[in-house]
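What follows is the residue order along each chain.
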Amino acid sequence: MKNVERLANVALLGLSLAPLVVNVDPNVNVIVTACLTVFVGCYRSVKPTPPSETMSNEHAMRFPLVGSAMLLSLFLLFKFLSKDLVNAVLTCYFFVLGIAALSATLLPAIRRFLPKKWNDDLIIWHFPYFRSLEIEFTRSQIVAAIPGTIFCVWYAKQKHWLANNVLGLAFCIQGIEMLSLGSFKTGAILLAGLFVYDIFWVFFTPVMVSVAKSFDAPIKLLFPTADAKRPFSMLGLGDIVIPGIFVALALRFDVSRGKGPQYFKSAFIGYTFGLALTIFVMNWFQAAQPALLYIVPAVIGFLAVHCIWNGDVKPLLEFDEGKTKGAEEADAKESKKVE
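The protein chain is annotated in an unreviewed UniProt entry as Signal peptide peptidase of Nicotiana tabacum. Per UniProt, the protein chain has the following entry under Subcellular location (unreviewed entry): "Endoplasmic reticulum membrane".

Draft legend 1. Layout of the overall build of the protein chain. Within the protein chain, the secondary structure is distributed over 14 helices and 6 strands. Its C-alpha atoms give the protein chain a radius of gyration of 21 Å, near enough to 20 Å, the size a compact globule of 339 residues would have. With the principal axes as the frame, the protein chain shows a C-alpha extent of 70 × 60 × 40 Å. Looking at the 339 residues of the protein chain, the share that counts as buried comes to 43%. Counting 30 positive and 24 negative side-chain charges, the protein chain places the centres of these two groups 4 Å from one another.

Draft legend 2. Representation of the environment of Cys307 within the structure. The topology assignment puts Cys307 in helix α12 (residues 291-310). Separated by 11 residues in the primary sequence, Cys307 and Val296 place their C-alpha atoms 16 Å from one another. The contact partners of Cys307, leaving out residues within four places of it in the chain, are Tyr263, Asp312, Val313 and Leu316.

Draft legend 3. Quick look at a nonpolar patch on the surface. Nonpolar side chains collect at one region of the surface, where Leu13, Leu17, Leu20, Val21 and Val22 lie side by side and expose about 480 Å² of accessible area between them. Mapped onto the elements of the fold, Val22 is located in the loop between α1 (3-17) and α2 (26-44). Note on Val22: relative accessible area 43%, which makes it partly exposed.

Draft legend 4. How the structure looks around the confidence of the model for the protein chain. Of the residues in the protein chain, 93% have a pLDDT of 70 or more, and the chain-wide mean is 86. Confidence drops under pLDDT 50 across residues 327-339; counting only partners more than four residues distant or on other chains, this segment forms 2 contacts.

Draft legend 5. Geometry of the environment of Ile189. Looking at where Ile189 falls in the secondary structure, it is placed in helix α8 (residues 184-203). Given a relative accessible area of 29%, Ile189 falls into the partly exposed group. For the pair formed by Ile189 and Ala298, sequence separation is 109 residues and the distance between their alpha carbons is 15 Å. Contact partners of Ile189, with chain neighbours within four places excluded, come to Asn57, Ala60 and Met61.

Draft legend 6. Representation of the packing of aromatic side chains within the structure. Summed over all chains, the structure comprises 19 aromatic pairs. Ring centres 4.8 Å apart and planes at 40° place the aromatic pair Phe39 and Tyr43 in the tilted group. One end of the pair is Phe39 and the other is Tyr43, both in helix α2 and 4 residues apart, which spans about a single turn. In this structure Phe39 comes out as buried when scored by relative accessible area, which is 15%. The class of Tyr43 is buried, set by a relative accessible area of 16%.

Draft legend 7. Representation of the pairing of strand β5 (residues 220-224). Within β5, 4 of the 5 residues are buried, leaving the element largely enclosed by the surrounding structure. Pairing between β5 and strand β6 (residues 232-236): 5 bridges, direction antiparallel. The residue bridging Pro224 from the neighbouring strand is Phe232, located in β6.

Draft legend 8. Local environment of helix α9 (residues 207-214). By the burial criterion, the buried members of α9 are Val207, Met208, Val211 and Ser214. Taken end-on, α9 shows its buried residues confined to a sector of 140°, consistent with a single buried face. In this structure, the buried residues of α9 make contact with α3 (57-80), α4 (83-111) and α8.

Draft legend 9. Highlighting the pattern of salt bridges. Evaluation of the coordinates by the stated rule reveals 6 salt bridges. For the salt bridge of Lys47 with Glu177, the shortest nitrogen-to-oxygen distance reads 2.9 Å. On the criterion of sequence distance, the pair formed by Lys47 in the loop between α2 and β1 (53-54) and Glu177 in helix α7 (residues 161-178) is long-range, its members being 130 residues apart. Note on Glu177: relative accessible area 8%, which makes it buried.

Draft legend 10. Representation of the nonpolar core in the model. Residues Phe184, Ile240, Val247 and Tyr271 are the most contacted members of the largest nonpolar core, which totals 83 residues. With residues near it in sequence (within four places) discarded, Ile240 still touches Ala34, Thr37, Val38, Cys172, Ile176, Leu221, Leu235 and Tyr271.

The rules we used
Along each chain, residue indices are assigned from 1 in the same order as the chain's sequence is written. At least 70 in pLDDT is required for a residue's local features to be given in this predicted model, at least 80 for side-chain atom pairs to be given and counted, and no such filter applies to totals for whole chains, interfaces and linings, which use all residues. Derived side-chain values reflect all non-hydrogen atoms in the structure, with water molecules and hydrogen atoms excluded from consideration. UniProt positions are given in the numbering used here, feature names are shortened, and annotations may be inferred rather than shown by experiment. Runs of H or I in DSSP of at least four residues are treated as helices and runs of E of at least two as strands, each being numbered from the N terminus. Here the globule rule reads 2.2 Å times residues to the power 0.38, and the radius of gyration is calculated from C-alpha atoms. The classification of residues rests on relative accessible area computed with a 1.4 Å probe and restricted to protein chains. Under 20% of the type maximum is buried, over 50% is exposed, and intermediate values are partly exposed. Neither His nor the chain termini are counted; the positive set is Lys and Arg, and the negative set is Asp and Glu. The location of each charge is read from NZ of Lys, CZ of Arg, CG of Asp or CD of Glu. Contacts are assigned to residue pairs with any non-hydrogen atoms lying within 4.5 Å of each other. The residues that make up patches have over 30% relative accessible area and no salt bridge, and they are joined within 9 Å when like-charged or within 5 Å when they are Val, Leu, Ile, Met, Phe, Trp or Tyr. Areas reported here follow the Shrake-Rupley algorithm with a probe of radius 1.4 Å; residue values treat only the protein chains shown as occluding. Within this document, salt bridges are pairs made up of a side-chain nitrogen of Lys or Arg and a carboxyl oxygen of Asp or Glu, the two lying within 4 Å of each other. On a scale of 0 to 100, pLDDT captures the predictor's confidence in every residue. Two rings from Phe, Tyr or Trp (for Trp, the six-membered ring) form a pair when their centres sit within 6.5 Å of each other. Planes less than 30 degrees apart are called stacked, planes more than 60 degrees apart edge-to-face, and all others tilted. Any two strands between which DSSP finds at least two bridges are classified as paired. Within this analysis, the arc is defined by the directions that extend from the helix axis to the C-beta atoms. As used in this record, nonpolar core signifies buried Ala, Val, Leu, Ile, Met, Phe, Trp, Tyr and Cys residues forming a set joined through side-chain atoms within 4.5 Å.

Structure, rendered in structure tokens:
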């Protein structure tokens, strides 16, 4: 890990803990925390092989529809069932997800201090009565699961904002690290669809805001304020992860060309500008804003202008991680045949 990545991790940790001891402006906290999370997730996504999960054009087109169905379902659940009951079920669900996400986030740092055998040797555990079902894990993953479990227990018992944010940041980093849009065309389809999705559910219905306030789970980051009437500012995880995977794609595009973070910088600056504009408009009108309304045009716009200026439109549009992965696998097979 490069020094700049270590510095980003330390800064993110420090900023997360800072409100416990000093007053941090929530607007600044929102912007810097989100940007650091995107930065960390993007660099973690750069690996010898592309991310394991790649989105297709069809998935990107269906995503806003599936998201709308889930959002409306949650709204109806909160409306017709007890909020305590719904949140209790969701807490159990996110308890398990939180352990997995936080363990995976901490694992690279923990592995450095453990014996090589603990990192490499797999343990295979079969479910009782269902021997065909099995789980593979290493001793390192067990060690990483310990702090993950502690934080999840703390969150389930106290619902403290810091525990919520630690789990939320883990979800964001893992999402950006593990998910791939595959190509910039797919990314544009996804962002355009969610651009409309965010505007519709925030401006034309009370659904999005109502669910965000009722949903007592780490699907949003909470930033303490000095206002007793509004103790926390909120930022949905989707406003970090969705643009984040697009920015991460730009970084991996730069890496595939053997160059420095050229288009990553423009996409990242676009994300920072879009988020800052969201906060400005929200404070100006004193009303909730669909963050993707500002982030999506900024990220795509900054990247597009930079790409057109450099004359790299064709290679950027032709970039496809799925084809890159397939070519690497084919080369590996050919090399084995030659041997």
